[in-house]
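One letter stands for each residue in the lines below.
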Amino acid sequence: PTPSEIPVLGTVYPADAYTNITPTIAAKLTRRLHAQDGHPIATLRGLIESHFPDYAHLSSLSPIVTPHQNFDSLSFPADHPGRAKTDSYYINKDYMLRTHTSAHEVDVFTSGSERWLLTADVYRRDEIDASHYPVFHQTEGAKIFQTDAASLEAVEEDSRRLERELAQSNIVIEDVPHLSSTNPAQSVHNPRHSEIAAKNLKLSLNSLMYTLFGGVAGATKEDPLRVRWIEAFFPFTSPSYEVEVFFRGKWLEILGCGVVAQPTLDRSNVVNKMGWAFGLGLERIAMVLYSIPDIRLFWSEDERFLSQFSQGKINTFKPYSKYPASYRDVSLWLPSDGLHDNDVYDLVRDVAGDLVEDVAIIDRFTHPKTERQSMTVRTNFRSMDRSLVKDEVNELQAQVQSRLKEQFRVEIR
Ligand code: PHE
């Protein structure tokens, strides 16, 4: 049974058919890891802010936004899959938890800021494992400028400065053309201006990557930091790119970026200007910089985790002994109208919170005669800070089963 009202961050909202924010998720809204002194996420935010000292540094915007802010203001099409309630958290049809920091682009541009960084917690319904968690942090950055000759020359001068700086650094960049037929300038832009913006974007971010990874990676002439640019697509930038960094033997996806879609600036009442924006995920970067093996650890309030870190310092995390894991399986017949995997993940997370290490659908089949669909869900339970006893795990699993029956009308096989 869905309650008719739902309180979130001190305001009571009417619930409706969209409401899917769970108490476990609601409890994360006040944690603000990016503002917790000494926390790896706060240190990473600080490093990025120090790299862009003359930018406005924002970090206190409410996570509650409208679908208009999160999607429409950024030119997402009406049928974009991210809008589905299986993929995003809705308070009701009019309010949701931001899925990315880009949700604030129009607000910040409207405020008149021309160079800014914004760090915040973002929310996405997803699978659960060591590298996926329904809450994570992003830093958005943007710079806009006028397109008269003198302003463009100032951007190019900044690019030349960055080029000189990068020429002194042990960094190797695999680039893509600024513009191509599959990654074009916007029709309202002079392609030469678009190239100037793209070039300044790339140099600014290559320089940031060297600040973040160059030192820790111990980049040397023989073993330089490797950064790779890839064409991408976002509804709110063109051209668009993704950046990957080669670190400890793997290519890591670090960020998305591009030349800001002119309709975004139009909606912000910004005239005669263009610019670039990027959005970068903090957890993935912090996990490699600090060797933190499980994304849930960022949420730990255990002193054995927190005491290892201090603000502004990157050090290697020393794992403390893991408590034993126990898994439980349940096989279900799905209701005739189906059941989304994300509904299963959220239900398990809501019952067991951070006692869930991961949830996997380990088997699926359709009965050949009745065509009924079945799945087997395996939940791995483990606490970060104590041993779970068998009875407690059984009780959690019993709750998972009864809620699956009540909420989704599944039949346990
Ligand atoms: N918001 C995008 C994401 O979350 C990243 C992005 C930000 C891309 C700004 C382009 C410009 O994936």
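Because the structure is predicted, anything quoted here is derived from the model rather than measured.

What counts and how
- Residues numbered from 1 in each chain as written.
- Predicted model: local features only at pLDDT ≥ 70, side-chain atom pairs only at ≥ 80, totals over all residues.
- Heavy atoms only, no water.
- Salt bridge = Lys/Arg side-chain N within 4 Å of Asp/Glu carboxyl O.
- Helix = DSSP H or I, 4+ residues; strand = E, 2+ residues; numbered from the N terminus.
- Buried < 20%, exposed > 50% of the residue type's maximum accessible area, 1.4 Å probe, protein only.
- Pairing = 2+ DSSP bridges.

## Re the pattern of salt bridges
Part 1 of the reasoning: Here the structure, examined in full by the defined rule, presents 28 salt bridges.
Part 2 of the reasoning: Note that Lys273 is salt-bridged to Glu114, the shortest N-O span being 2.5 Å. With Lys273 in strand E13 (residues 273–281) and Glu114 in the loop between helix H4 (105–110) and strand E7 (115–123), the pair connects residues that are 159 residues apart, well separated along the chain.
Part 3 of the reasoning: Across the pair Asp350 and Arg403 runs a salt bridge, and its minimum N-O distance is 3.3 Å. A residue pair is termed long-range when its members are at least 10 positions apart, and Asp350 in helix H10 (residues 341–352) and Arg403 in helix H11 (residues 390–408) qualify at 53 residues.
Part 4 of the reasoning: Given a relative accessible area of 16%, Asp350 falls into the buried group.
Part 5 of the reasoning: What makes Arg403 partly exposed here is its relative accessible area of 24%.
Part 6 of the reasoning: Several salt bridges converge on common partners, so that one network encompasses Glu153, Glu157, Arg160 and Arg164.

## Regarding unusual backbone geometry
Part 1 of the reasoning: Pro239 follows Ser238 through a cis peptide bond whose omega is -5°.
Part 2 of the reasoning: Mapping Pro239 onto the fold places it in strand E11 (residues 237–247).
Part 3 of the reasoning: For Arg32, which is not a glycine, the phi torsion comes out positive at approximately 50°.
Part 4 of the reasoning: Here Arg32 lies in the loop between helix H1 (23–26) and helix H2 (40–51).
Part 5 of the reasoning: A residue is classified by how much of its surface remains accessible, and Arg32, at 29% relative accessible area, is partly exposed.

## Section: the sheet that holds strand E4 (residues 64–65)
Part 1 of the reasoning: Within the open sheet, the 3 strands sit side by side as E4-E6-E5. Their pairing is antiparallel. At either margin of the open sheet sits one strand with a lone partner, and together these are E4 and strand E5 (90–92).
Part 2 of the reasoning: Alignment of E5 against strand E6 (residues 95–97), held across 2 bridges, turns out to be antiparallel. In the sheet register, Tyr90 faces E6, and the bridge partner there is Met96.

As far as function goes, none of this settles anything; it's purely spatial.
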